[in-house]
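# Structural overview for review
Spelled out, the chains give:
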Amino acid sequence: KGKPEVKMDEEVFGYMTEYRNWMFENVYQGNVMEETHRQAMKIVEFLCDYYEQHSEQIQDMTEPDNIQRSVCDWVAGMSDEYAINAYKDLNKRIII
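Residues numbered from 1 in each chain as written. Predicted model: local features only at pLDDT ≥ 70, side-chain atom pairs only at ≥ 80, totals over all residues. Heavy atoms only, no water.

A surface patch of nonpolar side chains, amounting to about 590 Å² of accessible area, comprises Y19, W22, F24, V27, Y28 and M33. Structurally, F24 is set in helix α1 (residues 10–28). (Patch = residues over 30% accessible without salt bridge, like charges linked within 9 Å, V, L, I, M, F, W, Y side chains within 5 Å. Areas by Shrake-Rupley, 256 points an atom, 1.4 Å probe, with all protein chains shown as cover. Salt bridge = Lys/Arg side-chain N within 4 Å of Asp/Glu carboxyl O. Helix = DSSP H or I, 4+ residues; strand = E, 2+ residues; numbered from the N terminus.)

Structure follows, in structure tokens:
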């Protein structure tokens, strides 16, 4: 005797595949996500550039002899909300 199998009904599998394809075309790779990706890249690039110029503001230098690596680690460790707020706050200070 083999192990019992859990299988999806073919009709349900067809609907799930159709839904999955729709999600990729309209959500994951659609225009909305392209704009979101563009904005995210702008924020990450800004933060990296800023902290390379102001590395003294990094609270935990992972590699003091390699500023770029420390900046990358610092920015990569930010939550989305923290990065967005830092971007907004730093832009206000720079513009004024």
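Here we come to the packing of helix α2 (residues 31–53) against helix α3 (residues 67–76). Between α2 and α3, the shortest axis-to-axis distance is 9 Å and the interhelical angle comes to 135°. Taken together, α2 and α3 sit at an angle that is classed as oblique. Between α2 and α3 lies a crossing whose hand is right-handed. Residues V44, L47, C48, Y51 and E52 of α2 touch α3, and the partners they reach there are I67, Q68, V71, W74 and V75. (Axes fitted to C-alpha atoms, helices over the stretch in contact; angles between N-to-C directions. Parallel < 35°, antiparallel > 145°, perpendicular 65-115°, else oblique. Left-handed = near helix turned anticlockwise from the far one by under 90°. Contact = heavy atoms within 4.5 Å.)

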